[in-house]
Protein chains: 2
Amino acid sequence: MRIAIDVMGGDHGCQVVVDGIKLALQEYPALKEVHVVGDQKSIEGALARARLNDSRVNIVHASEVLGMDEKPLTAVRRKRDSSIVRAAELVKNGQAEALISPGNTGGLVAAATLTIRRLEGVERPAIATLVPSTKQDFILIDAGANPDCKPFYLAQFAVMGAIYAREIMGRARPRVGVLSNGKEEIKGNELTRETAKLLQLLDLNFIGYVEGHDLFNDHVDVVVTDGFSGNLVLKTVESMGKSILRLLKRELTGNMMRKVGAMLVAPGFRNIKQRMDPDAYGGAPLLGLKGNVIKAHGSARDRAIMNAIRVSMEAIQHHLKEMIQEEIQRANQRLPQMVIAPSATVAA
Amino acid sequence: MRIAIDVMGGDHGCQVVVDGIKLALQEYPALKEVHVVGDQKSIEGALARARLNDSRVNIVHASEVLGMDEKPLTAVRRKRDSSIVRAAELVKNGQAEALISPGNTGGLVAAATLTIRRLEGVERPAIATLVPSTKQDFILIDAGANPDCKPFYLAQFAVMGAIYAREIMGRARPRVGVLSNGKEEIKGNELTRETAKLLQLLDLNFIGYVEGHDLFNDHVDVVVTDGFSGNLVLKTVESMGKSILRLLKRELTGNMMRKVGAMLVAPGFRNIKQRMDPDAYGGAPLLGLKGNVIKAHGSARDRAIMNAIRVSMEAIQHHLKEMIQEEIQRANQRLPQMVIAPSATVAA
């Protein structure tokens, strides 16, 4: 398999991404070529520091980087030599089968949509994130690609999320729920109510509304929502997880007796930390495009990058985009027709 | 102080509410009269079981109860003898200074808005919930009264939330943030972007967007959002908190050595549990009405009900509604004028 990685956009710079590539090359023999896209000098330095000298690595120079506070669509159109655009072009041209980037979500969505383009009939690509839970993990889609959504988009997200849960997570008939402020049908807002109507028309195991209380109780496999709410929930979960671990550490080392106790329970803690660790997932696919695109966490470190590469390889192996293409077209036939925007128009 | 409590709508029935009233009567001497509103026979039974025989208790019979899956506005208009409507009327007629209910949010909002009515110039009442954090607690407004919102509403929520944080939580110049999917100005959705523009016009300590990652890091005192997103975040936090505590319990009693360790660290755990305990707050005020209205948690038990009563007493003591009346009128003068809906129109 051949992949392209934008190494410039992450919070921790290019080194950790290169370190992650090294881990992946050691771990996954199926990886035949890695295009490392970004500033040539920085990459060469990082490769040297990582002592990574591997014929499977191919440096692709890009002179620009997308900033966090640029309007993604404008920036992608203007910065044609940015690392994210160059990496996307490698996928478009067939030189790579997947694109991975820890850069900002808006930039990745814009670059991927403009360059790689959406699958036919897909209105908006969406990020499907695996959320760790103390019981069973679930998929949250959209986790941040589309802050403003229409019901039709959410219906398509449900189809794509269900494919991901089935193919990658092995859930035979994934339970699909719409994230809402209560389980009763009269709850929700305009968007969720219209979405629920559409989902009843589709061949999905649709279980209705799910609320915050259901997320960690193994009630649902695919949680469908707009990218604004999805991102709120995701970041709240991450932030709260970290906050509780910090508090535990402080409380459990408060005095000598507790320190001894903490030593005895330490293996239990490690299990919990591992379960809650976002690095174990590493990357979330942006579904609905003509190529495999993986958003790595902005704060991803080497192990998270390695896992994002694994996620991209799974997407390739399972022919995810081909399945989405097929099932979205079938779904569209059941949905009330919507005026399909020309493929170049993107909500950034 | 005189209060009215709807004892019928909670998840655990009328007994726990009556038990909570008993605790409050013991704890708060300033409580001069409690109107206990609901089915007379059930209340009498609960009072007997609680061995509560106190001249400050006054039973007010109501023959109906609002159901969870009724359309709130229709139900409130039709069920004039429901406990929530009767309790709201006591506030309207001046027989009680505050209304407390563990019943469903939609019903409470509809009954309170139709009966007690909004303060002049207030577009929508909003729920201000105190969210426990491992660092410093913060206010989330709106936590669920208005699933569909306009920017103007959110601007008013910010004003009301800041008053609450200042008067009740003692934050001198509360930091007000708009909940968004990222800190940068270009993030957010249509609603948050327009809201941020309005908040810059007001005399608030407005700090811009806050995202999930900021919530538990003591970055913000008042988090402004629509009732849909607010409710999602709140329930996610509650659900995850419970889930982690469950997991900890399981992991830390996994074998004999860990059990011994768990005993040694137990006091640390109790501290954490207390900090994260929603019962410690008990009730969230519905701000913007001509009376004090407190939403108690649906799953509130006796101690939570007692705390909800305390919250209502604080609202009375601090003249919260008078301050809101004054500051909302000042804020409205700074905001671009919006066509104010006649006060009887409510979004249910």
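Residues numbered from 1 in each chain as written. Chains lettered and ligands numbered in written order. Predicted model: local features only at pLDDT ≥ 70, side-chain atom pairs only at ≥ 80, totals over all residues. Heavy atoms only, no water.

Asks: I'd love a proper account of the overall build of chain A, names of residues and values included.
Replies: The helix and strand tally for chain A stands at 12 helices and 11 strands. In terms of C-alpha radius of gyration, chain A reaches 21 Å, essentially the compact-globule figure of 20 Å for 348 residues. C-alpha atoms of chain A, sized along the principal axes, occupy 60 × 55 × 35 Å. For chain A, buried positions account for 61% of its 348 residues. At a minimum sequence separation of 6, the contacts of chain A that also span at least 24 residues come to 74%. (Helix = DSSP H or I, 4+ residues; strand = E, 2+ residues; numbered from the N terminus. Rg over C-alpha atoms; globule rule 2.2 N^0.38 Å. Buried < 20%, exposed > 50% of the residue type's maximum accessible area, 1.4 Å probe, protein only. Contact = heavy atoms within 4.5 Å.)

Asks: Give me the lowdown on the packing of helix H1 (residues 13–27) of chain A against helix H11 (residues 302–317) of chain A, citing residues and values where you can.
Replies: Residues and elements named next belong to chain A. The contact between H1 and H11 brings their axes to 7 Å, and the two run at 55°. What the angle tells us is that H1 and H11 run oblique. You can see that H1 and H11 cross each other, and the crossing is right-handed. Contacts between H1 and H11 involve Val16, Val17, Asp19, Gly20, Ile21, Leu23, Ala24 and Glu27 from the former and Asp302, Arg303, Ile305, Met306 and Ile309 from the latter. Class assignment of the residues belonging to the contact of H1 with H11 gives a composition of eight nonpolar, one polar and four charged. (Axes fitted to C-alpha atoms, helices over the stretch in contact; angles between N-to-C directions. Parallel < 35°, antiparallel > 145°, perpendicular 65-115°, else oblique. Left-handed = near helix turned anticlockwise from the far one by under 90°. Nonpolar A, V, L, I, M, F, W, Y, C, P; charged D, E, K, R; others polar.)

Asks: Describe the nonpolar core, and please don't skip the residues or the numbers.
Replies: Counting residues in hydrophobic clusters, the biggest one holds 106 residues, and the most contacted among them are Leu99(A) and Leu99(B). Among the nonpolar cores identified, the runner-up in size contains 74 residues, and Cys149(A), Val222(A), Leu320(A) and Ala331(A) belong to it. (Core = buried A, V, L, I, M, F, W, Y, C linked by side-chain atoms within 4.5 Å.)

Asks: Give me the lowdown on the interface of chain A and chain B, citing residues and values where you can.
Replies: If you look at the interface, chain A gives 61 residues, while chain B gives 61 residues. Roughly 5500 Å² is buried in total at the junction of chain A and chain B, and carbon and sulfur atoms are behind 68% of that figure. Joining chain A to chain B, the criterion identifies four salt bridges. Put simply, Asp148(A) and Arg193(B) hold a salt bridge, and the shortest N to O gap is 3.8 Å. Where chain A touches chain B, the interface holds 10 residue pairs in polar contact (both at pLDDT 80 or more). For the side of chain A that touches chain B, the elements supplying multiple residues, two or more each, are helix H7 (190–199), helix H8 (212–215), helix H9 (227–252) and helix H10 (256–276) of chain A. When residues in the side of chain A that touches chain B are grouped by element, the largest group, 20 residues, is from H9(A). (Buried area = accessible area lost by both parts, 1.4 Å probe. Salt bridge = Lys/Arg side-chain N within 4 Å of Asp/Glu carboxyl O. Polar contact = N/O pair within 3.5 Å; in protein donor to acceptor, adjacent residues only side chain to side chain.)

Asks: Run through the pattern of salt bridges, naming residues and quoting values.
Replies: Residue and element names in this part refer to chain B. Applying the stated criterion across every chain, the model contains 42 salt bridges over all chains. Arginine 310 is paired through a salt bridge with glutamate 314; the nearest N and O atoms lie 3.0 Å apart. Placement of the pair is arginine 310 and glutamate 314 together in helix H11 (residues 302–317), with a separation of four residues, close to one helical turn. For arginine 310, a relative accessible area of 24% translates into the label partly exposed. Among the ionic pairs, glutamate 326 bridges to arginine 330, the shortest N-O distance being 3.0 Å. With glutamate 326 and arginine 330 both in helix H12 (residues 320–334), this residue pair falls four residues apart, about one helical turn.

Asks: Now, about a positive patch on the surface: what can you tell me, with residues and values included?
Replies: On the surface, Lys135(A), Lys242(B), Arg246(B) and Arg250(B) cluster together into a positively charged patch. Mapping Lys242(B) onto the fold places it in helix H9 (residues 227–252). Judged by its relative accessible area of 51%, Lys242(B) is exposed. (Patch = residues over 30% accessible without salt bridge, like charges linked within 9 Å, V, L, I, M, F, W, Y side chains within 5 Å. Areas by Shrake-Rupley, 256 points an atom, 1.4 Å probe, with all protein chains shown as cover. Lys, Arg positive; Asp, Glu negative; His and termini not counted. Charge placed at Lys NZ, Arg CZ, Asp CG, Glu CD.)

Asks: Which residues make up the packing of helix H6 (residues 151–167) of chain A against helix H12 (residues 320–334) of chain A, and what are the values?
Replies: Residue and element names in this part refer to chain A. At a closest axis distance of 10 Å, the pairing of H6 and H12 adopts a crossing angle of 140°. In terms of orientation, H6 lies oblique with respect to H12. For H6 against H12, the interelement crossing comes out right-handed. Within the contact between the two elements, H6 uses Phe152, Gln156, Val159, Met160, Ile163, Tyr164, Arg166 and Glu167 and H12 uses Leu320, Met323, Ile324, Glu327, Ile328, Ala331 and Asn332. Among the residues making up the contact of H6 with H12, the classes are represented as 10 nonpolar, two polar and three charged.

Asks: Go over the environment of Gly268(B) with me, naming the residues and quoting the values.
Replies: For Gly268(B), the location among the structural elements is in helix H10 (residues 256–276). Owing to a relative accessible area of 0%, Gly268(B) belongs among the buried residues under this scheme. The contact partners of Gly268(B), leaving out residues within four places of it in the chain, are Glu251(A), Leu252(A) and Arg258(A).

Asks: Could you give an account of the sheet that holds strand S3 (residues 57–61) of chain A, naming the residues involved and the relevant values?
Replies: Residue and element names in this part refer to chain A. Taken together, the 11 strands give an open sheet; going across it, the order is S3-S2-S1-S4-S11-S10-S5-S6-S9-S7-S8, and neighbouring strands pair in mixed fashion. In this open sheet, the two strands that pair with only one neighbour each are S3 and strand S8 (205–210). Each adjacent strand pair in this sheet contributes to an overall mean axis angle of 25°, direction not counted. Strand contacts of H11: strand S1 (2–6), strand S4 (98–101), strand S10 (283–287) and strand S11 (292–296), with the helix running at about 160° to S11, the strand carrying the most contacts. (Pairing = 2+ DSSP bridges.)

Asks: Got a sec to walk through the sheet that holds strand S7 (residues 175–179) of chain B? Specific residues and values, please.
Replies: Hydrogen bonds between backbone atoms are what pair the strands of a sheet, whose relative direction is either parallel or antiparallel. Residues and elements named next belong to chain B. Strand order in this open sheet of 11 strands is S3-S2-S1-S4-S11-S10-S5-S6-S9-S7-S8, and the pairing throughout is mixed. The open sheet has two free edges, formed respectively by strand S3 (57–61) and strand S8 (205–210), since each of these has just one partner strand. Sheet twist, expressed as the mean angle between neighbouring strand axes with direction ignored, is 25°. For strand S6 (residues 138–141) and strand S9 (residues 222–224), the ladder comprises three bridges, and the chain directions are parallel.

Asks: So what's going on with the relation of the copies chain A and chain B? Which residues, and what values?
Replies: With an axial shift of 0.0 Å and an RMSD of 0.0 Å, the rotation relating chain A to chain B amounts to 180°. Accordingly, the operation relating the two chain copies is best matched by a two-fold axis. Residue Gly261(A), judged by its C-alpha, is the member of chain A lying nearest the rotation axis, at 1.8 Å. Both copies present the same face, since 100% of the interface residues in chain A are matched by interface residues at the equivalent positions in chain B. (Least-squares fit on C-alpha atoms with pLDDT ≥ 70 in both.)

Asks: Which residues make up the pairing of strand S5 (residues 126–131) of chain A, and what values go with them?
Replies: With five of six residues buried, S5(A) lies mostly within the body of the structure. A loop of six residues connects S5(A) with strand S6 (residues 138–141) of chain A, the two strands running antiparallel in sequence.

This is a description of form; function is not addressed.
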